[in-house]
Amino acid sequence: MFAKILVANRGEIACRVMRTAKRMGIATVAVYSDADADAPHVRMADEAVRLGPAPAAESYLRADLILLAARETGADCIHPGYGFLSERAEFARACAEAGIAFVGPPPGAIAAMGDKIESKKLAKEAGVNVVPGFLGEIATTEDAVRIAGDIGYPVMMKASAGGGGKGMRLAWSEEDVREGFEATKREGLASFGDDRVFIEKFIQSPRHIEIQVLGDQHGNLVYLGERECSIQRRHQKVVEEAPSPFVTPEMRRRMGEQAVALARAVGYFSAGTVELIVSGADATGESFYFLEMNTRLQVEHPVTEAITGLDLVEQMIRVAAGEPLGFGQDDVTLTGWAIENRVYAEDPYRGFLPSTGRLVRYRPPPARDGVRIDDGVREGGEVSIYYDPMIAKLVTHAETREAAIDAQVQALDRFEIEGLGTNLDFLSALMQHPRFRDGALTTGFIAEEFPEGFTGAAPSAELQRQLAAVASVLDATQAARAAQIDGQLGRAIVPATDKVVTLGEARFETRVEPFEGGQLVRFAEGEAIELVGHWRPGEPLFAAMLDDEPLVVRVARLRGGWRLTARGAAHTVRVLPPHVADLTRHMIEKVPPDLSRLLLCPMPGLLTKLHVAPGDRVEAGQPLAVVEAMKMENILRSQKAGTVKAVNAEEGQSLMVDAVILELE
């Protein structure tokens with residue numbers, strides 16, 4: 001077995017690998033950029049080596065520096081995690097030449113599967129179902145238009161070396177191909193150094209299902225069930241679960257056997273994932289097709305670990321050390337259901353724009369009772385503009401899918417994150433969505449169910465009443481604390497128990513009546529809620545039992561009320577004495593300013609293209625500028641017709657969020 005492992009990565013996956021290595025008695029080495037000098041993975045490791053400046057191209061992508069760090073620290077193996085160098089065949093080859101074990105598949109398998117065009121040819125030869133399409137190189141836009149027409153719309157244009165949702169464009173028409181082909185080439189070149197593009201048929205009602213494979217260097221290969229990864233945004237996975245609610249045992253066997261056949265055809269060992277696109281419109285389960293093979297550990301591997309009981313990182317390390325698998329296909333069992341949500345630093349209320357900055361407060365839910373947290377951040381740390389904005393992965397495991405979903409909702413409510421925007425509300429809304437709970441998933445789920453963007457999960461009438469009860473108790477607790485302050489003029493204040501609570505258009509008249517162990521909140525209609533829980537003014541969370549049902553609420557004080565966040569949305573709740581509530585109808589509503597004449601930068605990024613100049617006439621929907629953020633091109637369009645009055649930025653300029661790019665008359 002290895003004595004020392006260098007983890008050539010950062011963030012949560014670096015911490016994840018180190019936890020297993022430490023349990024196995026293997027010393028750990030971290031590498032870091034200047035942006036990560038005080039990061040959790042650096043603190044966790046036994047040794048740490050600086051690579052260079054913050055940009056990945058000058059640090060985590062420098063194979064020469066990583067190998068030098070391994071030699072200097074005496075590491076006898078390197079685990080690449082995912083992303084960065086994990087699927088670079090030349091890096092695996094360089095490790096072998098340096099006499100350092102690469103904890104992953106052989107270079108030949110990485111190279112064979114890393115080229116999407118060649119991998120599809122290999123898959124077809126191995127007897128794996130492949131999507132109809134054109135696998136040759138496409139030189140020009142005109143060629144792309146002709147090929148797309150031959151295949152039949154809709155089609156998907158993909159960068160050959162792409163991954164992580166980058167370098168992909170869906171085209172429903174010739175116009176879409178003409179607009180997106182060159183952009184796909186540019187994204188492929190910028191992100192992967194390869195501008196080749198291929199085109200394939202887009203599967204209607206598609207589900208994204210993947211098979212986890214594991215093999216050793218002695219020819220043993222098994223599949224470890226499937227993961228459903230259909231909940232995606234811009235082709236980036238958001239929610240993953242295992243097993244899939246769509247896959248039958250027979251489908252699982254056929255998919256697994258094809259995945260193993262492909263892995264065997266390229267001499268694969270270690271952990272890997274064969275990704276499939278499945279037609280959800282075909283109830284027979286016959287319509288599944290090979291997409292690609294990821295020759296590394298997947299972000300979503302914890303759900304497979306949860307239902308199989310295997311530690312995939314440990315298996316990878318043992319395989320790299322030459323050990324045979326300790327089990328066969330018949331020994332693989334799937335127990336229960338697991339769901340993973342990716343908690344990102346992004347603002348779902350503003351089109352999921354990246355939200356970078358300092359984690360002023362970071363308190364994840366406790367990892368117990370089937371709840372697992374994989375993270376690589378800490379309170380006070382920075383979410384940098386240089387890397388993926390994932391904060392944590394929340395994994396729940398239970399006997400049934402419904403129980404695993406319910407555990408996700410409760411755990412998401414217990415997250416405490418302040419200082420930047422997160423997608424916690426959005427994830428909770430997904431978990432509660434009736435279509436998700438029914439398992440009726442497609443890769444277009446988010447676009448179909450949130451066509452106008454995300455505005456928060458609409459509260460049910462029951463939740464509104466529960467939040468009104470919570471707000472009444474919070475207000476009574478705050479008032480009781482204020483009444484205890486010494487040195488007040490006049491007689492002691494006796495807090496009023498009758499209140500009017502408003503939540504949006506809902507209005508409740510409440511009275512709080514304490515009893516031993518809790519408080520009873522009575523409503524004017526005669527109903528009551530028994531609330532058991534303890535909250536002290538200033539605490540950010542209130543965990544309580546309402547009529548024996550658990551509810552966790554994030555609490556923030558507002559003038560005249562509270563901002564209560566629970567079940568996928570933040571709610572402004574006003575708690576007022578009846579005579580004050582009657583006067584609120586006379587308050588003048590503040591109207592927000594009209595910003596439609598301004599083109600604002602929606603995220604921190606680089607202005608790469610300006611299409612207009614002062615004096616130009618523009619129409620609604622016309623492209624005005626292109627902003628690049630995290631190597632993705634974002635086309636900014638005019639929201640209205642008008643004339644360009646002024647341009648406040650220039651190409652090549654780095655812009656902050658909400659920076660004014662141009663102004664219309």
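Residues numbered from 1 in each chain as written. Predicted model: local features only at pLDDT ≥ 70, side-chain atom pairs only at ≥ 80, totals over all residues. Heavy atoms only, no water.

(A) View of the environment of glutamate 137. Mapped onto the fold, glutamate 137 is located in the loop between strand S6 (133-134) and helix H7 (141-151). Of the residues examined, glutamate 137 reaches a relative accessible area of 59% and is grouped as exposed. Between the C-alpha atoms of glutamate 137 and leucine 67, which are 70 residues apart in sequence, the distance is 34 Å. (Helix = DSSP H or I, 4+ residues; strand = E, 2+ residues; numbered from the N terminus. Buried < 20%, exposed > 50% of the residue type's maximum accessible area, 1.4 Å probe, protein only.)

(B) Broad picture of the packing of aromatic side chains. The full count for this structure, using the stated rule, is 13 aromatic pairs. Relative to phenylalanine 84, the ring of tyrosine 60 lies with its centre 5.1 Å away and its plane at 15 degrees, an arrangement referred to as stacked. One end of the pair, tyrosine 60, is in the loop between strand S3 (47-52) and helix H3 (63-73); the other, phenylalanine 84, is in the loop between strand S4 (77-79) and helix H4 (89-97), with 24 residues separating them in the sequence. The class for tyrosine 60 is buried, based on a relative accessible area of 0%. Summarising the aromatic geometry, the rings of phenylalanine 426 and phenylalanine 450 are spaced 5.3 Å apart at their centres and angled 65 degrees between planes, so their arrangement reads as edge-to-face. With phenylalanine 426 in helix H13 (residues 424-432) and phenylalanine 450 in the loop between helix H15 (445-449) and helix H16 (461-483), this pair connects stretches of sequence that are 24 residues apart. Residue phenylalanine 426 shares its accessibility class with phenylalanine 450, and that shared class is buried. Through a chain of ring-to-ring contacts, three or more aromatic side chains come together here, namely Tyr349, Phe352, Phe426, Phe450 and Phe454. Arginine 401 extends its terminal NZ or CZ atom over the ring of phenylalanine 436, reaching a point 4.8 Å from the ring centre. It is arginine 465 that lies over the ring of phenylalanine 523; its NZ or CZ is 4.6 Å from the centre. (Phe/Tyr/Trp six-rings, centres within 6.5 Å; stacked < 30°, edge-to-face > 60°. Lys NZ or Arg CZ within 6 Å of the ring centre and 35° of its normal.)

(C) A look at the packing of helix H5 (residues 107-114) against helix H6 (residues 116-125). Remark: H5 packs on H6, axes separated minimally by 5 Å, with the N-to-C direction vectors making an angle of 100 degrees. Accordingly, the angle class assigned to the pair H5 and H6 is roughly perpendicular. Together, Ala112, Met113 and Gly114 of H5 and Lys116, Glu118, Ser119 and Leu122 of H6 make up the contact between the two elements. The residue inventory of the contact of H5 with H6, partitioned by class, reads three nonpolar, two polar and two charged. (Axes fitted to C-alpha atoms, helices over the stretch in contact; angles between N-to-C directions. Parallel < 35°, antiparallel > 145°, perpendicular 65-115°, else oblique. Contact = heavy atoms within 4.5 Å. Nonpolar A, V, L, I, M, F, W, Y, C, P; charged D, E, K, R; others polar.)

(D) Main features of the sheet that holds strand S37 (residues 642-647). Within the open sheet, the four strands sit side by side as S32-S39-S37-S34. Their pairing is antiparallel. In this open sheet, the two edge strands, each paired with only one partner strand, are strand S32 (598-600) and strand S34 (617-618). By the bridge criterion, two bridges tie S34 to S37 in an arrangement that is antiparallel. Bridging from a neighbouring strand, valine 618 pairs with glycine 642 of S37. (Pairing = 2+ DSSP bridges.)

(E) The arrangement of unusual backbone geometry in detail. For the bond from tyrosine 153 to proline 154, the omega torsion is 0 degrees, close enough to zero to count as cis. Mapped onto the elements, proline 154 comes out in the loop between H7 and strand S7 (155-163). For the peptide bond that leads from alanine 242 to proline 243, omega is -5 degrees, which places it in the cis range. Note on placement: proline 243 falls in the loop between strand S12 (236-242) and helix H9 (249-265). Positive phi, close to 65 degrees, is recorded for histidine 235, a residue that is not glycine. Note on placement: histidine 235 falls in the loop between strand S11 (221-233) and S12. For histidine 235, a relative accessible area of 31% corresponds to the partly exposed category.

(F) Representation of helix H12 (residues 401-414) in the model. For H12, built from 14 residues, the straight-helix expectation of 20 Å at 1.5 Å per residue is met to within 8% by its first-to-last C-alpha distance of 20 Å. Every buried residue belonging to H12 is among Arg401, Ala404, Ile405, Gln408, Val409, Ala411, Leu412 and Asp413, and all of these are buried. (Expected span 1.5 Å × (residues − 1).)

(G) Layout of the side chain of glutamine 466. Along the chain, the position of glutamine 466 falls in helix H16. Each residue touching glutamine 466, except ones within four places of it in the same chain, is listed here: Ile529, Leu546 and Leu551.

(H) A look at the packing of H3 against H4. One way to put it is that H3 packs onto H4 with a least axis distance of 11 Å and a crossing angle of 30 degrees. Judged by the angle between their axes, H3 and H4 are roughly parallel. In this structure, H3 crosses over H4, and the sense of that crossing is right-handed. Contact residues: Ala63, Ile66 and Leu67 in H3; Phe91, Ala94 and Cys95 in H4. Tallied by class, the residues present in the contact of H3 with H4 amount to six nonpolar, no polar and no charged. (Left-handed = near helix turned anticlockwise from the far one by under 90°.)

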